[in-house]
Each structure stands twice: as C-alpha cells, then as structure tokens.
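The primary structure of each chain is shown beneath.
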Amino acid sequence: MDVVDAATRSRMMSGIQSKNTKPEMTVRRYLHAQGFRYRLHARDLPGSPDLLLPKYRVAIFVHGCFWHRHTGCRYATQPASNIERWKTKFQSNVERDVKNLAALQEKGWRVLVIWECELKRESLDRLQRLAREISQKNVDQPPSSVSECRSHTFV
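The following paragraphs examine the structure supplied in this document. Computed from a predicted structure; not experimentally measured.

Describing the environment of Val-27
Along the polypeptide, Val-27 turns up in helix 2 (residues 22–33). You can call Val-27 buried: its relative accessible area is 0%. Along the backbone, Val-27 and Leu-119 are 92 residues apart, and their C-alpha atoms lie at a distance of 8.5 Å. Not counting residues within four places of it along the chain, the set of residues in contact with Val-27 comprises Leu-51, Val-62, Ile-114, Leu-119, Leu-127 and Leu-130.

Given below as structure tokens:
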C-alpha cells in the first residue's frame, strides 16, 4: 500500500530525471577539473552513455542503484505496491544494460559504471579511481565495469 495518493505519486515519479542527475554532475565536474574532455549522452551509441571520452575509447554510465538494480545495495529497494509491474520494469532495465554493454564492447569501447551509492559513501576515492581507470591504455575491462557490479557476469 502506497503512503501517498496516485496523483502525488505520479507527480513525484515524473520529476525523476534521466540526464544531468546529481551523481552524473558530480562525475562530470570532477573529470572536467582533472582535464578530461567528453561528450554527453551520445545517442549514436548503444545505451547513450552518460559520458563518452573518445580519446580513451571509454564510455561511462552513472547508474542509479534503484533503477539499475545494484546488487546488494541498500538503495536498490523493491516497491511494495504493483510488484509484478516493477519486477518486469527492473528486469528489462538490467537486460537492456547487459545488451548495451555488450554492443559497446563489440564496437571497441571500454565501459565503466559508476554507481550512485559509490558517490555517496566514497566520492573522492571513487572519482580518483575513475580517473586512473580512464587513463589505462589496456583494453581489458577495468574493475569498476558492470561485470563487478552485479552477481552475474556481463563480459
């Protein structure tokens, strides 16, 4: 049972952004201050990565733990109402993430995923690690790839 009426819930949900979110802006500001230059929301690539660094062949997704189902995260909660609809929605999000990751890797991109909770609990450390991962010239998936972030492997 929801604690607010349907109209209020609808208004709240419609206010959720998909671009220029607070976690995304944190990553963008840090990388720009470090001298990295990037494209935003590259619609010509699978999944429209939040940031794209062509010089390094790196695509970055800044995922919200709730929407992208960060395994083991306290922010990846399950809504109490309309359970089947949410289950289907979340499953399709995860499947889309896997498909987009594979398509980007097939095109020769390294894919990095930053989770919302990482920026809440260890912001500076995580951002510094991200900068190092971007600068790596090897084509192997770095540790912060999507494959580490879920219980199943995507590589």
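After that view of the structure, there is still more to cover.
A word on the packing of helix 2 against helix 6 (residues 123–135)
Two elements in contact, helix 2 and helix 6, have axes separated by 10 Å at closest approach and are oriented at 60 degrees. On the basis of their axis angle, the class for helix 2 and helix 6 is oblique. Crossing angle aside, the handedness with which helix 2 passes helix 6 is right-handed. Residue-level inspection shows Thr-26, Val-27, Tyr-30 and Leu-31 of helix 2 in contact with helix 6, the latter providing Ser-123, Leu-124, Leu-127, Gln-128, Leu-130, Ala-131 and Ile-134. Along the lines of polarity and charge, the residues of the contact of helix 2 with helix 6 split into 8 nonpolar, 3 polar and no charged.

Quick look at the state of the cysteines
The full count for this structure, using the stated rule, is 0 disulfides. Free cysteine Cys-65: the closest other cysteine sulfur is in Cys-73, separated by 3.6 Å. Cys-117 carries a free sulfur, and the closest cysteine sulfur to it, the one in Cys-65, is 3.6 Å from it.

Examining the packing of aromatic side chains
Counted under the stated rule, the structure contains 7 aromatic pairs. Grouped by ring-pair contacts, the aromatic residues Phe-66, Trp-67, Trp-86 and Phe-90 constitute a single cluster. Here the guanidinium or amino end of Arg-69 rests over the ring plane of Phe-66, the centre of that ring lying 5.7 Å away. Taking NZ or CZ as reference, Arg-69 lies 3.9 Å from the ring centre of Phe-90, over its face.

Considerations on the pattern of salt bridges
Counting across every chain of the model gives 9 salt bridges. Here Glu-118 makes a salt bridge to Arg-129, at a shortest N to O gap of 3.9 Å. Taken together, the residues span a long stretch of sequence, with Glu-118 in helix 5 (residues 116–121) and Arg-129 in helix 6 at a distance of 11 residues. According to the relative accessible area criterion, Glu-118 is buried, its value standing at 7%. Assessed through its relative accessible area of 28%, Arg-129 is described here as partly exposed. Ionic contacts of the salt-bridge type, sharing partners, join the residues Glu-118, Arg-121, Glu-122, Arg-126, Arg-129 and Glu-133 into one network.

Topic: the sheet that holds strand 3 (residues 58–63)
Read across the sheet, 4 strands follow the order 1-2-3-4 without closing on themselves; strand pairing throughout is mixed. Where the open sheet ends on each side, the last strands, each with one partner, are strand 1 (39–40) and strand 4 (110–115). Where strand 3 meets strand 4, 6 bridges bridge the pair, whose relative direction is parallel. Among the inter-strand pairings, His-63 is bridged to a residue of strand 4, identified as Trp-115. Each of strand 2 (51–53), strand 3 and strand 4 touches helix 6; the most contacted strand, strand 4, lies at about 180 degrees to it.

About the cut-offs
Residues numbered from 1 in each chain as written. Predicted model: local features only at pLDDT ≥ 70, side-chain atom pairs only at ≥ 80, totals over all residues. Heavy atoms only, no water. Helix = DSSP H or I, 4+ residues; strand = E, 2+ residues; numbered from the N terminus. Buried < 20%, exposed > 50% of the residue type's maximum accessible area, 1.4 Å probe, protein only. Contact = heavy atoms within 4.5 Å. Axes fitted to C-alpha atoms, helices over the stretch in contact; angles between N-to-C directions. Parallel < 35°, antiparallel > 145°, perpendicular 65-115°, else oblique. Left-handed = near helix turned anticlockwise from the far one by under 90°. Nonpolar A, V, L, I, M, F, W, Y, C, P; charged D, E, K, R; others polar. Disulfide = S-S within 2.5 Å. Phe/Tyr/Trp six-rings, centres within 6.5 Å; stacked < 30°, edge-to-face > 60°. Lys NZ or Arg CZ within 6 Å of the ring centre and 35° of its normal. Salt bridge = Lys/Arg side-chain N within 4 Å of Asp/Glu carboxyl O. Pairing = 2+ DSSP bridges.

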